[in-house]
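A closer look at the structure
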Amino acid sequence: MTVETVNPATGEVEYTLELMDAAAVESILAASASAFPAWAARPLEERGDLLRKTGAQLRMRRDDIQKTMTAEMGKLRKEALAEVGKCADACDYYADNAARYLQDQPIATDGSNSYVRFEPIGCVLAVMPWNFPIWQVFRFLAPALMAGNVAVLKHASNVPRCADLIAEVLRDAGVPAGVFAVVHIDNDQAAEVLRDKRIAAVTLTGSERAGRSIAANAGDQLKKCVMELGGSDAFVVLEDADIEKTVAGAVASRFGNVGQTCIAAKRFIVVDAIADVFVQRFTEAASKLRLGDPNDEATTLAPMARQDLRDELHKQVQASIAKGAKPLLGCEPDASHAGYPASILDQVAPGMAAYDEELFGPVASILRVRDEAEAIRVANDTSFGLGGSVWTGDSERGNRVARQLQCGAAFVNSVVKSDVRLPFGGSKRSGFGRELAEHGIHEFMNIKSVYVA
Ligand code: NAP
């Protein structure tokens, strides 16, 4: 089968690719299985050196990688360059810290020697999305390789060149053949691969729909899985918030990456006492974002990654307006191929798509509430549980509210961000399992107890 990728800024076909057949996939799985024992046995310092070299390759090829990301999924040039840098830093971080995370942990028991040991489990299948086409992969890959696992990547079908570039970077860094490979396959073939005995586990970053399907298959095969799914993060604005900082955070969090971020602020829950001023300043600031060519330094809002995603988002906006949401800004598709302007919906309420569903694009939902207690209740009134932020002049108060948010990451007076030092992942229907930090490296390891009487 042939797959075409379309440049979201121009609407032109960017790249045509033939999906792999069963024989090609078989040879990748065989190479991966045969690479695993030697990679797992390799001293940790050597794996660390190769990871540092991978980081260096990423930095060296950052312009190439940026151009490919921008052409395939429309990312702004400066956001793409920052993403590549973040991946290189993650490689260095795990090279520096894995020995500490993976050392045996002595446990006091009645035996003469007992301890916990961390062992790699084999080949991990990674099914990844297009929104951070390099970072999502390295977020999983850097700890997986340091752990001694090998990996096979099935990337989103609109970013095949990004996937190939990642493979080239690892190869050029000297990572042995078979330790990491890309399979260009469709979702049915991915389900077959997951059933293969040589695949030990699977990690998915993507939508709830993909999560249900992959987690069901993993369950059927009794294979470990990590699910990094969607979110509808609350951005809670209390009456004592610093308005300048809060508006700057709101714009960055909702409109960065054109809103196509799992941990973007999506529901702005604002107490009445500050609501009018916040909404007015937020609308003013968002109206200054300029949609355009993502390679142009003057552009501050890129096109969305695909036209169908833009159209889907607009349907959610229209459905919300039909139920009483008030459009304050944007809310009409741009004439360009996949562009959607910065948009704000006020008076969002339960029963509307903008309240109940994830809006994966540049549309902010405003939910007005009486006070802090109602803000917390509304923040938690969602099936998602990825991140959330609280904005207040009193950091103690912020901390108290943050502790009551039902999510995997709660930030105070800061936008929610992924930081390699902090575990990352969701609760409720945003998924399960953790990436990054010490927790992330242990996800795909056999945590083994050894007891000597
Ligand atoms: P998606 O459509 O679920 O795609 C993600 C990956 O899953 C792609 O490789 C896709 O392949 C594959 N896939 C899709 N449907 C599948 C199915 N039924 N069975 C098996 N694989 C399937 O998601 P997306 O549109 O790329 O990404 C947006 C979603 O990801 C949002 O909900 C966002 O919040 C979430 N996300 C979560 C995180 C997190 O860390 N929690 C991070 C980023 C994004 P094809 O492209 O070939 O269909």
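Predicted, not measured: the structure shown is a model, and the values here were computed from it. (Residues numbered from 1 in each chain as written. Predicted model: local features only at pLDDT ≥ 70, side-chain atom pairs only at ≥ 80, totals over all residues. Heavy atoms only, no water.)

Quick look at the sheet that holds strand 8 (residues 199–205)
As a reminder of what qualifies: If DSSP finds at least two bridges between two strands, the strands pair. Strands are runs of DSSP state E lasting at least 2 residues, helices are runs of H or I lasting at least 4, and numbering of each runs from the N terminus. Whether two residues are in contact is decided by their heavy atoms: any pair within 4.5 Å suffices. Think of each axis as a best-fit line through the C-alpha atoms, taken over the contacting stretch in the case of a helix, with angles from 0 to 180 degrees between the N-to-C directions.
A sheet is described by the order of its strands in space; here 6 strands give the open sequence 7-6-5-8-9-19, paired in mixed fashion. Only two strands of the sheet have a single partner each, and these edge strands are strand 7 (180–182) and strand 19 (431–432). As judged from the 3 bridges shared by strand 6 (residues 150–154) and strand 7, these two strands associate in the parallel manner. When the bridges of strand 7 are listed, alanine 151 appears paired with phenylalanine 180. Each of strand 5 (123–127), strand 6, strand 7 and strand 8 touches helix 1 (residues 22–41); the most contacted strand, strand 6, lies at about 150° to it.

Notes on the site of the ligand
Condition: Nearness is judged by heavy atoms alone; a residue qualifies as near a molecule or strand once a single heavy atom is within 4 Å of it. Whenever two N or O atoms come within 3.5 Å, that pair is a polar contact, provided that in protein one can donate a hydrogen and the other can accept it, and provided that, for residues adjacent in sequence, both atoms are side-chain atoms. For the area figures, the Shrake-Rupley method with a 1.4 Å probe applies, and any residue is considered shielded solely by the protein chains shown. Any residue outside Ala, Val, Leu, Ile, Met, Phe, Trp, Tyr, Cys, Pro, Asp, Glu, Lys and Arg is labelled polar, Gly included; the first ten of those are nonpolar and the last four are charged. Domain extents, as shown, originate in an automatic or database domain assignment.
In the vicinity of the ligand lie 29 residues, with Trp130, Arg139, Ser207, Leu229 and Glu358 positioned nearest. Take glutamate 358: an N or O atom from its side chain is 2.6 Å from an oxygen atom of the ligand. Protein contact buries 89% of the 890 Å² of open area that the ligand shows by itself. Only helix 5 (135–147), strand 8 and helix 8 (208–220) provide two or more residues apiece to the shell around the ligand. Per-element tally for the shell around the ligand: the top contributor is helix 8, with 4 residues. When grouped by side-chain class, the residues that make up the shell around the ligand number 13 nonpolar, 11 polar and 5 charged. There are two domains that each give the shell around the ligand at least three residues, and those are domain 1 (2–229 + 430–452) and domain 2 (233–420).

Describing the layout of surface pockets
Condition: Detection works on a 1 Å grid of protein atoms alone, calling trapped sets that fit a 1.4 Å probe cavities and calling open sets with protein on both sides within 12 Å along at least five of seven lines pockets, with lining residues defined by an atom within 4 Å of a point. Grid points are joined across faces, edges and corners, and a volume is the space filled by probe spheres set on the points.
Its volume calculated, the second largest pocket comes out at about 570 Å³. As for the second largest pocket, its lining consists of 23 residues, and the residues nearest its centre are Lys86, Phe132, Asn257, Thr261 and Lys417. For the lining of the second largest pocket, the elements supplying multiple residues, two or more each, are helix 4 (77–102), helix 5 and helix 9 (243–255). Element by element, the count of residues in the lining of the second largest pocket is highest for helix 4, at 5 residues. Within the lining of the second largest pocket, the residues separate by chemical class into 10 nonpolar, 6 polar and 7 charged. If you count residues domain by domain, the lining of the second largest pocket takes at least three from each of domain 1 (2–229 + 430–452) and domain 2 (233–420).

What to know about the UniProt feature "domain: Aldehyde dehydrogenase" (unreviewed entry) in the protein
Basically, it comes down to this: UniProt positions are given in the numbering used here, feature names are shortened, and annotations may be inferred rather than shown by experiment.
Using the residue numbers shown here, the UniProt feature "domain: Aldehyde dehydrogenase" (unreviewed entry) corresponds to residues 2–450. Secondary structure across residues 2–450 comprises 43% helix and 21% strand; the distance between its end C-alpha atoms is 51 Å.

A look at the packing of aromatic side chains
Where two aromatic rings form a pair, the distance of their centres and the angle of their planes describe that pair. So the rule is basically this: A pair of aromatic rings is counted whenever rings of Phe, Tyr or Trp (Trp by its six-membered ring) have centres within 6.5 Å, and the orientation is called stacked for planes under 30 degrees apart, edge-to-face for over 60 and tilted otherwise. Here's how the labels work: a residue is buried when its accessible area is under 20% of the maximum for its type, exposed when over 50%, partly exposed in between, all with a 1.4 Å probe on protein chains only.
As enumerated under the stated definition, the model contains 10 aromatic pairs in all. Aromatic side chains phenylalanine 268 and phenylalanine 282 sit 4.9 Å apart centroid to centroid with 40° between the ring planes, which places their arrangement in the tilted category. Residue phenylalanine 268 is located in strand 11 (residues 265–271), and its partner phenylalanine 282 is located in helix 10 (residues 272–287); the two are separated by 14 residues in the primary sequence. Looking at phenylalanine 268, the relative accessible area reads 0%, which means it is buried. Both rings, one in phenylalanine 278 and one in phenylalanine 282, keep their centres 5.3 Å apart while their planes meet at 25°; by these two values the pair is stacked. Pair noted here: phenylalanine 278 and phenylalanine 282 are both in helix 10, with a separation of 4 residues, about one helical turn.

Describing the side chain of glutamine 136
If you trace the backbone, glutamine 136 turns up in helix 5. A relative accessible area of 1% places glutamine 136 in the buried class. Reaching out from glutamine 136, the side chain makes a polar contact with the side chain of asparagine 131 at a distance of 3.3 Å. When residues no more than four places from it in sequence are discounted, the contact partners of glutamine 136 are Met128, Pro129, Asn131 and Thr205.

Focus: the pattern of salt bridges
Close approach of charged atoms lets side chains of opposite charge pair. Using the following cut-off: The salt bridge criterion pairs a side-chain nitrogen of Lys or Arg with a carboxyl oxygen of Asp or Glu, the two atoms within 4 Å.
All chains considered together, the criterion is met by 36 salt bridges. A salt bridge links glutamate 244 to arginine 281; the nearest nitrogen and oxygen atoms lie 2.6 Å apart. Of this pair, glutamate 244 sits in helix 9 while arginine 281 sits in helix 10, placing them 37 residues apart in sequence. Under the relative-accessibility criterion, arginine 281 is labelled partly exposed at 26%. One salt bridge in this structure joins arginine 368 and aspartate 276, with 2.9 Å as the shortest N-O distance. Placement of the pair is arginine 368 in strand 14 (residues 363–369) and aspartate 276 in helix 10, with a sequence separation of 92 residues. Judged by relative accessible area, arginine 368 falls into the partly exposed class, the value being 30%. Classification of aspartate 276 as exposed rests on a relative accessible area of 55%. If you follow the salt bridges from partner to partner, you end up with Arg61, Asp64, Arg161, Glu168, Arg171 and Asp172 in one network.

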